[in-house]
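# Secondary and tertiary structure notes
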Amino acid sequence: MKTNGITRRNFLIGSAAGGAALLSASYLGFNSWAARDKAAEQLSVTPTLCDGCGNWCAIKVSTRGDRIWKAEGHPLSGNNLGRMCAKGHALLHEVYNKDRIKSPLKRVGQNRFEQISWEQAYKEIGEKVGAIKAKHGPESLFMLQYPEGNAALLMRFIHALGSPNAFSHGTTCFLPRNVGWWLTVGASKPEHDFANSRFILFIGRNPAAGLHLRQLRDITLGRDAGAHLVVVDPRYSEIAGVAQEWVRIRPGTDLALMLALAHVMIKENIYQKDFVEKYTEGFDEFAKKVEDYTPAWAEEKTSVPRETIVRLARQMAEAAPSAIVHSGYHGAMGTQYKNSLQLVRAVGCVSGLLGNFNQRGGPYLAPKPKLGKLDKETHPTPPAVSATMADGSGDPERYPLVPAGVGIAQAIPELAIQGKLKAGFVYHNNPLRSNPNPARVIEGYRKLDLLVCFDYVMSETAAIADYVLPESHYLERDDVVHTSSSYSSKQVSLRQQVVKPLYDTKPMVQILIEMAPHLGIGDFFNFTMDRWNEAALKPLGVTLNQLRKEGVIDVGGEWKPGEPKFQTPSGKLEFVSSTLQDIALPAVPEWEEPLVMPARNDPHSFRLIHGKQAHQTHARTVNQRYLKEITMMNDWGRVWIHPDRAKALGIKDGDCMTLSSSIGKGRARARVTDGIHPDCVFMPSGYGVFSRHLHTAFGYGISYNDFLPTYFDPVLGHNMSSEIIVRIEKT
Amino acid sequence: MPESAWGWLIVTYLFLAGAGAGAFVSAVACDLLAPDWSKTLARAGSLAAGPLVAVGTACLVLDLEAGLWQPWRQFYLVSNLSSMITWGVIILSLFIPVAFLYAAALNELTVVGRYARKYLRHLEVVGGFLAVATAGYTGVLIAVVNGVPFWNTPAMPVLFMASAMSTGLAVAMIGAAIIDITTIRTMSSFALGHVIFLSVEGLVLMLLIFLSLTRSVEAAASATMLISGSLSPYFWALVVIVGIVVPYVLSIVEYYEYGKMHKALVVGADLCVLVGGMSLRALIVFSGVAPHIV
Amino acid sequence: MPHYGIAIDTTKCIGCHSCRVACQNQQGLKYDQSFNWIKEREQGRFPAFGKEFVPVQCNHCQDAPCQSVCPTGAIYTSPEGIVLVHRERCVGCKYCIEACPYKVRIVDHHEGIVVKCWLCHDLVAKGGEPACVTTCPTQVRIFGDLDDPNSRVSQFIAKHRAQPLRPDLNTRPRIYYKRS
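Description of the structure in this document. Worth saying up front: this structure is predicted, and the values here are computed from it rather than measured. Positions within a chain are numbered from 1, following the residues in the order the chain's sequence is written. Labels follow written order: the first chain is A, the first ligand is 1, and so on. Confidence filtering applies because this is a predicted model: local features only for residues at pLDDT of at least 70, side-chain atom pairs given and counted only at 80 or more, and all residues used for totals across whole chains, interfaces and linings. Working from all heavy atoms in the structure, the side-chain values ignore hydrogens and water.

### Details of the overall build of chain C
Helix and strand assignments come from DSSP, with helices taken as H or I runs of at least 4 residues and strands as E runs of at least 2, each series counted from the N terminus. The number of helices and strands found in chain C is six helices and nine strands. We compute the radius of gyration from the C-alpha atoms alone; for a globule the expected value is 2.2 Å times N to the 0.38, where N is the number of residues. Relative to its length of 180 residues, chain C is compact, with a C-alpha radius of gyration of 16 Å against a globular reference of 16 Å. Structurally, chain C occupies a C-alpha span of about 50 × 35 × 30 Å along its principal axes. Each residue is placed in one exposure class: buried if its accessible area under a 1.4 Å probe, protein chains only, is under 20% of its type's maximum, exposed if it is over 50%, and partly exposed if it falls in between. The buried share of chain C, reckoned over its 180 residues, is 72%. Looking at chain C alone, contacts between residues at least 24 apart form 58% of all its contacts between residues at least 6 apart. Values of accessible area rely on a 1.4 Å probe in the Shrake-Rupley scheme; residue burial ignores everything except the protein chains shown. Surface accessibility of chain C: about 5600 Å² in total, with carbon and sulfur atoms responsible for 49%. In this charge count, Lys and Arg are treated as positive and Asp and Glu as negative; neither His nor the chain ends contribute. By convention, the point assigned to a charge is CZ for Arg, NZ for Lys, CD for Glu and CG for Asp. Counting 23 positive and 17 negative side-chain charges, chain C places the centres of these two groups 5 Å from one another. Residues count as neighbours in contact if any of their non-hydrogen atoms are within 4.5 Å of one another.

Here's what the structure looks like:
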């Protein structure tokens, strides 16, 4: 097999066109080269969806003969508008990665697997699941996935088995963001009209590394049209380089800043009164609550000068309603702090004061097409499962705000150790590397009687599974119809096969359909993927063939500014959340201390923060050589540390440091930079792969999960992944 | 980004071409100025010149890639008269045969040599001119490179010329000692040559370093790398002490102690010059720093 | 005949390296070969701290040092102002790599020649734009005809007084930068 995905003869630098001037000299061998090029060039272009991150950008992949060559963004796709990032380009090569799993595998020893047939795998898994169900009940089964297009089918699968335990990576990623917005405006993921904003605030969010291509384009359009961009972040992130202003904040204190901004806007009477009156609920209580949160108080908490806070509040108010605070993702508004949920609520309330919802230059609810479903007569849906999830998600007594289907992923190992979970199916997820405290995670997953992993390389999790069923690479398979290309209008898109599978692998949906009869749930999977997709598209008046040809189809419904509508209990933007009130939680955003703080007088004590790099999607892409090369070339595996703090520890740029927390220890080289708050160190996420089967990534760098204890936020159960104190010493 | 593309093969080439050219000049000088008592030296120099330059050129060719695998491409090498390599190819392809012919003529080897003997003076004039061109060209080759500010100075050809002459003389003297160890006593007069060439080399090197420190940030970075940075141990030990100071002192002693110095020390001084010459080429090439572009 | 060039707005560059990998795919380069680099430069101390990503590729100099030192005449400038390498003539002497002040030329050890950005001449000839231009999420690069004062690239250069890298080297590049 050729190791390089792309034939090398093709970039004829200065071939026919420019060579004319030199034709006087003879070209020996020239003609034969040109002929070879022609032979190789049987070009075809297939539209499909990228798999470099969760955005699933629509792309057009060019193949030359039967080999993948290159790709470009699909111009129609609302969330990438014809653009593509490094991860998308590089991932094309992964089809040819020699680390891929080539057939179903069965564990036959500590680190030994044997190749088996699909039939044997289905049969044995069916028997084992049947035995476990009979002995421990269906509630002892679980499914963990990264929720994408196929998510609904995985849910159908686990519910058909009679188990409520459907997990996603939510509590290690986005959960407070979703819940916070849902509580405040009734929808969990507002989109942004950045291009028309006049003031844009990013608080603990960096769309230039947690890449969102449409947002980036709109942000730069907005900036060029005169918008003021402010980035609030403990470190000088990639988006800070695009912004006019970087506000260096003490990590974990973003909530204090938001509360103080609200304080100033209310005190100075510069909020959007009409909007507040018409579309919000509980303003008076909120106003009373933020009375104490003065800029001086916030300066103490955040280390942001009070003058800056007052100025920002005035600038925002002046630009309102075309002023916007990014709705967040995995950063400060994600699962990183104990106060993350309150922060999201506070951002929602500030948005209320700005009166920006559904306004030009403000946040809005992204239009998404409503897909159709299979006919229930011929394709029965599994009966609803009455039991609550083993981790207490959705249980009014335990985690009422955690949606079923998200669950608390990092609880799985604990539940396995307690014997409550006995068998699991893991799809497109790698908890051994992406969950906190790997030693505990490994212990837990090893306790399972049966672990089935669906993956296309031997991830850490696959390497301890009992059965590994190889999914076809994303360029080799069809998936179910998707709506992720929608941004400002409704779009449907499709992932489809670009090249034939190189190995004995199958699309995930097909694996489920084929495996179902062996598990006694064949009745619920009596359809084909095409049938499912046709049903999904039916209400939209789009045929599957059309979608195959186009890749993305816009079905209209362009977002327009107008009257805001909120799906909250009150039908308004809720300063006071009635839902939180009902379950006796703080109903108005209020200050909440982070769980931990570095010791003030200890020169060795730091908070460990982490985040994405623009060229990597956590552990998902680090085994890619083109991307690894970018890391290596720029020496970007280093941990950022402030020069003054580094100096006190005798650490110079490039020196090796030893980091230790309550659960782990590791070494990393220092990047001494002024672009970080002195209270913390920053570690790029995704490195520290310990599966020996991933040859490119193995052994490079460390992961924040190696330092993060297993936490459960009291309200949402999330992992509070930046609540880590590390002790740093020069190695 | 590729900071430098040249390695040991090019360093060796720069050194051997210089030493070969210098040896030729030494031979011609001996034959013209003192044909009676420096015959051995002239013979040694003439015999060494051709092979050294030829081996050096082989290094240059080995460093090629497509030009090595598809040798016909080398015909293109004379296409661009604004390229110093084109000039180098022309000079070398003339000099190498002349150097071999001269060796044959001076030593009356083979029929060709006996015939060429008649034109010895012509060969000396033409060859001497080509030898100086070869030695100078190795310096100009890197001096015209504005992609490396440290190299980009007229001092470079002068430095390389001086080094070529002293290493050439050292080659000739070692060769003479190999041919006939008894001649070593007569060679003391030539120690004066070392004194002169090493003085020039030392002075120009000093000038180059000092001027580079102020010339541009990149040249200063290169110079700093040599005098106090990562390459400084090699620079001070191999180029300055072994390559210049030791042979300089030994040569002065040799000159004044006419014929009395131990022969090991005489040959030792010459070996030092060779080590210094090679180290100088290596350190100049490896200390090249690209312009700071952002 | 148009004379092509690129204007680069570093204030929009986020260092994502999409240009690099798009180019590697377009040109069929291996993971460790590239025609595109992004230089990261930090400046000043907080609160005056700033950071800049500067994408660097072949500058397509009008007085290209690589072209003047190439012994085989393998480097030439196309009528559109694109500096090209004639791959049948290159011997791989690497003199051009030393001569290039921007250090954007690499050896392709597979073919034994020196290669570099050729402004996606094949795409441009068909009316397209180079892969690094079209893929960029923040539209850092503007490609077009430098001779046409009304082209987007010319207008951008004029408006922002964009400068080439190291104009003091007198290589007269066709890539212009808007910095800060």
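### Let's talk about the sheet that holds strand β1 (residues 43-49) of chain A
Residues and elements named next belong to chain A. Paired strands, in this sense, are two strands between which DSSP finds at least two bridges. Spatially, the three strands line up as an open sheet ordered β1-β2-β3, and their pairing is antiparallel. Both outer strands of the open sheet, β1 and β3 (67-73), are each paired with one neighbouring strand and no more. Across the sheet, the mean angle separating the axes of adjacent strands is 30° when strand polarity is ignored. In terms of strand pairing, strand β2 (residues 58-64) meets β3 through six bridges, oriented antiparallel. Counterpart to Ile59 in the pairing with β3 is Gly73. With axes taken as lines fitted to C-alpha atoms, and helix axes fitted only over the stretch in contact, angles between N-to-C directions fall between 0 and 180 degrees.

### Some words on the pattern of salt bridges
Close approach of charged atoms allows side chains with opposite charge to pair. In what follows, salt bridge is the name for a side-chain nitrogen of Lys or Arg lying within 4 Å of a carboxyl oxygen of Asp or Glu. One pass over the structure, following the stated rule, counts 52 salt bridges over all chains. For A:Glu127, the salt bridge identified is with A:Lys123, shortest N-O distance 3.7 Å. Residue A:Glu127 and its partner A:Lys123 are both found in helix α4 (residues 118-136); the two are separated by four residues, about one turn of the helix. Note on A:Glu127: relative accessible area 48%, which makes it partly exposed. Measuring nitrogen to oxygen at the nearest pair gives 2.6 Å for the salt bridge that ties C:Arg87 to C:Glu111. Pair noted here: C:Arg87 is in the loop between β5 (83-85) and α3 (95-99) and C:Glu111 is in the loop between β6 (106-108) and β7 (113-115), with a separation of 24 residues, a long-range link. Neither C:Arg87 nor C:Glu111 differs from the other in exposure class; each is buried. Among the charged side chains, a salt-bridge network with shared partners connects A:Asp51, A:Glu148, A:Glu471, A:Arg477, A:Asp479, A:Arg495 and A:Arg620.

### Looking at the interface of chain A and chain C
At the interface, 62 residues of chain A touch 57 residues of chain C. Simply put, the buried area is the total loss of 1.4 Å probe accessible area from both parts when two parts are fitted together. With both chains or domains summed, chain A and chain C bury close to 5200 Å², and 56% of this area falls on carbon and sulfur atoms. Two residues, A:Arg671 and C:Glu40, come together in a salt bridge whose shortest N-O distance is 2.8 Å. Pairs of N or O atoms within 3.5 Å make up the polar contacts considered here, provided that, within protein, one atom can donate a hydrogen while the other can accept it, and that residues adjacent in sequence are counted only when both atoms are side-chain atoms. Where chain A meets chain C, there are 23 residue pairs in polar contact (both at pLDDT 80 or more). When residues are sorted by character, Ala, Val, Leu, Ile, Met, Phe, Trp, Tyr, Cys and Pro go into the nonpolar class, Asp, Glu, Lys and Arg into the charged class, and all the rest, Gly among them, into the polar class. Looking at the side of chain A that touches chain C residue by residue, the class counts come to 31 nonpolar, 17 polar and 14 charged.

### Some thoughts on the environment of A:Tyr467
All names here are of chain A. Structurally, the position occupied by Tyr467 is in strand β17 (residues 467-470). Look at Tyr467 and you get buried, because its relative accessible area is 1%. Remark: the alpha-carbon pair of Tyr467 and Val452, spanning 15 residues in sequence, is separated by 4.9 Å. Once you skip the residues sitting within four places of it in the chain, Tyr467 turns out to touch Leu105, Lys106, Ile116, Glu124, Ile125, Lys128, Leu450, Leu451, Val452 and Cys453. Polar contacts involving the side chain of Tyr467 include one to the side chain of Lys128, which spans 3.0 Å.

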